[in-house]
Amino acid sequence: QGSDQGFCNKLIKQHKGHRRFDEIKTKPTWFVIKHFAGPVSYCSDGFLDKNKDQLSNDLIECMGSSTNAFIVKLFKQDVKYGEVLNKDESQDAAPSKKKKKYTVSSEFKDQLSSLMDIVDLTEPHFIRCIKPNPQNEPDRYDRKGVTEQLRYGGVLQVVQVSRAGYPVRINHQECWDDFKVVASP
């Protein structure tokens, strides 16, 4: 099993020297992420406990034997609770198989993975909305605020790259199709 200190040590080992990461030598369980808005200190104390948020077997069995059909259906259909509710069947099926523990972080990871699979199937296009003034009043333009939004959104960097002569990014296959003649001996 890991520890909070071990988690912090792994982060430090993995990201030491990165311009956006820093450690606090006087606090061994703390680290700093340098966000665009400024540095933020994080403490890893209790991190592992916070991510072991499992329901107790007693509570799962109680909900599974509820008189409310909706609650019973909700718990019996969920893979996380099926193991506890169907323990008689699961003991006969595969006693040597290691069971997966479901925690808040493992469920989040599964959901994030599922979302990324969906995103990978799409071709998203983003529209950046710029607020002309903090009060959202018509006919008022706050130049400093708009410039700040453009800078933090990366829009000014895109313009700089475009002006440097790289206005279009094409995928590798299109590039190869266009320039393979030049590469041939």
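Residues numbered from 1 in each chain as written. Predicted model: local features only at pLDDT ≥ 70, side-chain atom pairs only at ≥ 80, totals over all residues. Heavy atoms only, no water.

Engineer: Explain the state of the cysteines here, please?
Structural biologist: When the sulfur atoms of two cysteines share a covalent bond, that bond is a disulfide. Taken as a whole and judged by the stated rule, the model has zero disulfides. Cysteine Cys 8 shares no disulfide, and the gap to the nearest cysteine sulfur, in Cys 43, comes to 8.1 Å. (Disulfide = S-S within 2.5 Å.)

Engineer: Is there a simple way to think about the packing of aromatic side chains in this case?
Structural biologist: For any pair of aromatic rings, geometry is given as the distance between the ring centres together with the angle between the planes. Taken as a whole and assessed by the stated rule, the structure comprises two aromatic pairs. Between the aromatic rings of Phe 21 and Phe 31, the centroid separation amounts to 5.9 Å while the plane-to-plane angle is 20°, which identifies the pairing as stacked. In this pair, Phe 21 is assigned in strand β1 (residues 21-23) and Phe 31 in strand β2 (residues 30-35), connecting sequence segments 10 residues apart. Ring geometry for Phe 31 and Tyr 42: centres 5.6 Å apart, planes at 20°, overall stacked. Of this pair, Phe 31 sits in strand β2 while Tyr 42 is found in strand β3 (residues 38-43), placing the two residues 11 residues apart along the sequence. A relative accessible area of 10% places Phe 31 in the buried class. With a relative accessible area of 33%, Tyr 42 lands in the partly exposed category. Three or more aromatic residues joined by ring pairs make a cluster, and in this case those are Phe 21, Phe 31 and Tyr 42. The aromatic ring of Trp 30 is capped on one face by Lys 27, whose charged end is 4.6 Å from the ring centroid. (Phe/Tyr/Trp six-rings, centres within 6.5 Å; stacked < 30°, edge-to-face > 60°. Helix = DSSP H or I, 4+ residues; strand = E, 2+ residues; numbered from the N terminus. Buried < 20%, exposed > 50% of the residue type's maximum accessible area, 1.4 Å probe, protein only. Lys NZ or Arg CZ within 6 Å of the ring centre and 35° of its normal.)

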